[in-house]
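# An overview of the molecular structure
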Amino acid sequence: MYNPLAIALAAGMVLVVVFFSNLRGSGWEPSADISAEVLEHRASTVPETEFPEPMNRSIGGGGGAAAVGGGAEGEEGELAEGGAEEEAGPGDIPEDEVEYYEVEFVKQGETVELANNEPILDQGEEQGWDLPYACRQGQCVSCAGHITDGPSEDFVVHDNQQMLEEAEIDDGYTLTCVAYPRDSFSIETGEAP
């Protein structure tokens, strides 16, 4: 009735399982958890920003350019040693070469003359208008406006805008914090793509 070979095989398997379960391990222990240290190190390499970022479309928020340098503070790079000079932007136009353009602020209901060496946002604030903004660096779309006369590049020069795509610029959108007028136009502030 009972198969002695099956009973012997089952008993042998039980003994093998008991034997292996009572063996001590190799002494290997998992290494300490360093995830908190890694996160602290990453956080220390990301530059702090001093502005809120509502509706920010950028990855990682503002201030990305500060981390690109790669050198320690006080360390001189190749350009500092006599390399090429920095490229001049629209804000570096000398006072005797400044041109003025008539810009209609549709929502404010006024047309004013704007200089081509100062961003539209700054000049609008000088008029006393409360225009929307967040970063003032072209890294969010809080200050976006819509130029109703056509592609924005026909009417403004963007100094380092990083958020608008080519199609949005072609549709007339601009970032007023980094846009310098180069022709007369109408703009609706507070209009994001």
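Basis of the calculations
- Residues numbered from 1 in each chain as written.
- Predicted model: local features only at pLDDT ≥ 70, side-chain atom pairs only at ≥ 80, totals over all residues.
- Heavy atoms only, no water.
- Pairing = 2+ DSSP bridges.
- Helix = DSSP H or I, 4+ residues; strand = E, 2+ residues; numbered from the N terminus.
- Axes fitted to C-alpha atoms, helices over the stretch in contact; angles between N-to-C directions.
- Core = buried A, V, L, I, M, F, W, Y, C linked by side-chain atoms within 4.5 Å.
- Buried < 20%, exposed > 50% of the residue type's maximum accessible area, 1.4 Å probe, protein only.
- Contact = heavy atoms within 4.5 Å.
- Patch = residues over 30% accessible without salt bridge, like charges linked within 9 Å, V, L, I, M, F, W, Y side chains within 5 Å.
- Areas by Shrake-Rupley, 256 points an atom, 1.4 Å probe, with all protein chains shown as cover.
- Salt bridge = Lys/Arg side-chain N within 4 Å of Asp/Glu carboxyl O.
- Phe/Tyr/Trp six-rings, centres within 6.5 Å; stacked < 30°, edge-to-face > 60°.
- Lys NZ or Arg CZ within 6 Å of the ring centre and 35° of its normal.

Right, let's talk about the sheet that holds strand S3 (residues 144–147) for a bit. Strand pairing in a sheet relies on backbone hydrogen bonds, with the paired strands running either antiparallel or parallel. Taking strand neighbours across the sheet as the criterion, the five strands line up as S2-S1-S7-S3-S5 in an open arrangement whose pairing is mixed. The sheet is open, and its two edges are formed by strand S2 (110–115) and strand S5 (173–175), each paired on a single side. In this sheet, adjacent strand axes meet at a mean angle of 40° when their direction is disregarded. Here three bridges tie strand S1 (residues 100–105) to strand S7 (residues 185–189), and the two strands are oriented parallel to one another.

With that out of the way, let us pick up the nonpolar core. If you look at the biggest cluster of nonpolar residues, it comprises 24 residues, and the most contacted ones within it are Phe105, Ile120, Leu175 and Phe185. Looking at this core, the elements that each hand over two or more residues are S1, S2, helix H3 (120–126), S3, S5 and S7. If we ignore the near neighbours within four places in the chain, the residues touching Phe105 are Glu110, Val112, Leu114, Ile120, Trp129, Leu131, Ile187 and Thr189.

Among the surface-exposed residues, Val16, Phe19, Phe20 and Leu23 lie close enough to one another that they form a single nonpolar patch of about 420 Å² accessible area. Locating Val16 in the fold gives a position in helix H1 (residues 4–21). Among the residues examined, Val16 registers a relative accessible area of 44% and is labelled partly exposed.

This part covers the packing of aromatic side chains. If you walk through the whole model with that rule in mind, you get three aromatic pairs. Ring centres of Phe19 and Phe20 lie 5.5 Å apart, and the angle between their planes is 75°; this geometry places the pair in the edge-to-face category. Phe20 gets classed as exposed once you look at its relative accessible area, which sits at 54%. Consider the rings of Phe105 and Trp129, whose centres lie 4.6 Å apart with planes at 55°: the pair is tilted. Taken together, the residues Phe105 in strand S1 and Trp129 in the loop between H3 and S3 connect sequence positions 24 residues apart. On the basis of relative accessibility, which here comes to 0%, the residue Phe105 falls in the buried class. Given the relative accessible area of 13%, Trp129 is considered buried. If you follow Arg136 out to its NZ or CZ, it ends over the ring of Tyr133, 4.0 Å from the centre.

Function-wise, these values are silent; they only describe arrangement.
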